[in-house]
Amino acid sequence: MITLENKVAIVTGAAHGIGRAIAELFAEAGARVVVADIEPAPWCDDSANTIFTYADVSKAADVERVIDIAAGLSGRIDILCNNAAYVGPGHASASATDEEWDRCYRVSLLGTQRFIAAALPYMLQQQSGSIINIASVQGLVAGRDSAAYTSIKHAIIGLTRSVAYDYGPQNIRANAICPGAIHTRISPQPGDELHQRQISKTFLNRIGTPREVASAALFLASDAASYITGAAIPVDGGWTSM
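Cut-off values and rules
Residue numbers restart at each chain and count upward from 1, following the sequence in its written direction. Under the rules for a predicted model, residues below a pLDDT of 70 receive no local features and side-chain atom pairs below 80 are neither given nor counted, while totals for whole chains, interfaces and linings still include all residues. By convention in this description, side-chain values take in all heavy atoms of the structure and omit both hydrogens and water. Exposure is judged per residue with a 1.4 Å probe applied to protein chains only, and the accessible area is read against the type maximum: over 50% gives exposed, under 20% gives buried, and values in between give partly exposed. Only DSSP runs of H or I covering at least 4 residues are called helices, and only runs of E covering at least 2 are called strands; the numbering of each starts at the N terminus. If DSSP finds at least two bridges between two strands, the strands pair. Orient the strands so they point away from the viewer, and a crossover whose first-strand-to-second-strand path over the helix runs clockwise is right-handed. Between N-to-C directions, angles cover 0 to 180 degrees, with each direction set by a line fitted to C-alpha atoms, over the stretch in contact for helices. Only heavy atoms enter the contact rule, under which two residues are in contact if any of them lie within 4.5 Å. Throughout, nonpolar core names a set of buried Ala, Val, Leu, Ile, Met, Phe, Trp, Tyr and Cys residues whose side chains join them through atoms within 4.5 Å. What a helix is expected to span follows from its residue count: subtract one and scale by 1.5 Å. The directions considered for the arc run from the helix axis to the C-beta atoms.

Asker: Describe the pairing of strand β6 (residues 172-179), naming the residues involved and giving the relevant values.
Answerer: Counting buried residues along β6, eight of its eight residues qualify, which places the element largely inside the surrounding structure. With burial as the criterion, each face of β6 is covered, one bearing Ile 172, Ala 174, Ala 176 and Cys 178 and the other bearing Arg 173, Asn 175, Ile 177 and Pro 179. By the bridge criterion, six bridges tie strand β5 (residues 129-134) to β6 in an arrangement that is parallel. Residue pairing across strands places Gly 129 opposite Ile 172, the latter belonging to β6. With helix α4 (residues 147-167) bridging β5 and the parallel β6, this β-α-β connection has right-handed handedness. With four bridges connecting them, β6 and strand β7 (residues 232-235) associate as parallel partners. Bridge pairing in β7 links Ile 177 to Ile 233.

Asker: Tell me about the sheet that holds β7, and please be specific about residues and values.
Answerer: Taken in spatial order, the seven strands of this open sheet run β3-β2-β1-β4-β5-β6-β7, and their pairing is parallel. Two strands bound the open sheet, and with one partner strand each, they are β3 (50-54) and β7. Direction aside, the axes of adjacent strands within the sheet are offset by 20° on average. Along the sheet face, α4 touches β5, β6 and β7 and points at about 160° away from the line of β6.

Asker: Any chance you could break down the nonpolar core for me, citing the residues and the numbers?
Answerer: Side chains of nonpolar character tend, in soluble globular proteins, to be buried together. Counting residues in hydrophobic clusters, the biggest one holds 37 residues, and the most contacted among them are Ile 10, Ile 67, Ile 77, Leu 80, Phe 115 and Ile 131. At the level of secondary structure, the elements contributing two or more residues to this core comprise β1 (8-12), β2 (32-37), α2 (60-74), α3 (98-126), α4 and β6. At nine residues, α3 tops the list of elements feeding residues into this core. Ignoring sequence-local partners within four residues, the contact set of Ile 131 consists of Leu 80, Asn 82, Ile 116, Leu 120, Met 123, Val 163, Ile 172, Arg 173, Ala 174 and Asn 175. By size, the runner-up hydrophobic cluster in this structure holds 34 residues, among which are Ile 22, Ala 31, Ile 134 and Leu 218.

Asker: Outline the environment of Ala 85, listing residues and values.
Answerer: Its location among the elements puts Ala 85 in the loop between β4 (79-82) and α3. The exposure class assigned to Ala 85 is partly exposed, which follows from its relative accessible area of 30%. Once the C-alpha coordinates of Ala 85 and Ile 233 are considered, the two residues, 148 residues apart in sequence, prove to be 18 Å apart. In this structure, Ala 85 is in contact with Val 107, Ser 108 and Lys 153, ignoring residues within four places of it in sequence.

Asker: Before we move on, can you summarise α2 with the specific residues and values?
Answerer: Between its terminal C-alpha atoms α2 stretches 23 Å, which fits the 21 Å expected from 15 residues at 1.5 Å a residue. Of the residues making up α2, those classed as buried are Asp 62, Val 63, Val 66, Ile 67, Ala 70 and Ala 71. Viewed end-on, α2 has its buried residues packed into an arc of 165°, placing them on one side of the element. The outward face of α2, more than 90 degrees from its buried face, is lined by the exposed residues Ala 61 and Gly 72. At its buried positions, α2 is contacted by β1, β2, β3 and α3. Two residues or fewer past α2, Gly 75 is found with a positive phi of approximately 85°.

Now the structure itself:
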């Protein structure tokens, strides 16, 4: 059984969907989990090892406050999972506005970088840590009408590998998870054309669940993955192998 006993974790974008599933599974495995989001997470319960705090990951002051809350629990930050992302209407390159590019960059990429930079001093002091960045299959392959989103998800994988390279000697691991079609509140409805197209891109002929992504995150967060770093792991039902 995988355990995260006595570990402190941060999960961003964790009020709903994949982020919530990751935070809940980390807590079930014994970690103290700081849940950061711009939306409330009423499911959080300090007695169940989950602590909610409001955070806009595009704002440096919010990032520092979340780090301070997590470090205040025991003086450690063992696990950082960057899940927060900007998911708005996407466009092909000729139609994508500067605002779309800026939001994708500031939330998804710069927010991830800021959290990593703020957590690293604690991980360096401990000489250990696991950083998990939630990218996308669109960090590995192209997606229709999503020039900004696809570019930024590719960049998150590049950032992940750079961190893995630079801090591997200090026993700090960094990996990316690349979810495919996962059922969340923003997913297309069953029967929709996009829903059917997503299913057609999988070998398993179904949409995945947030818990299935969370299971990969739990493994990467744990000592069971102690020799895995710099990886970009698809959780996509075979999408990127097609």
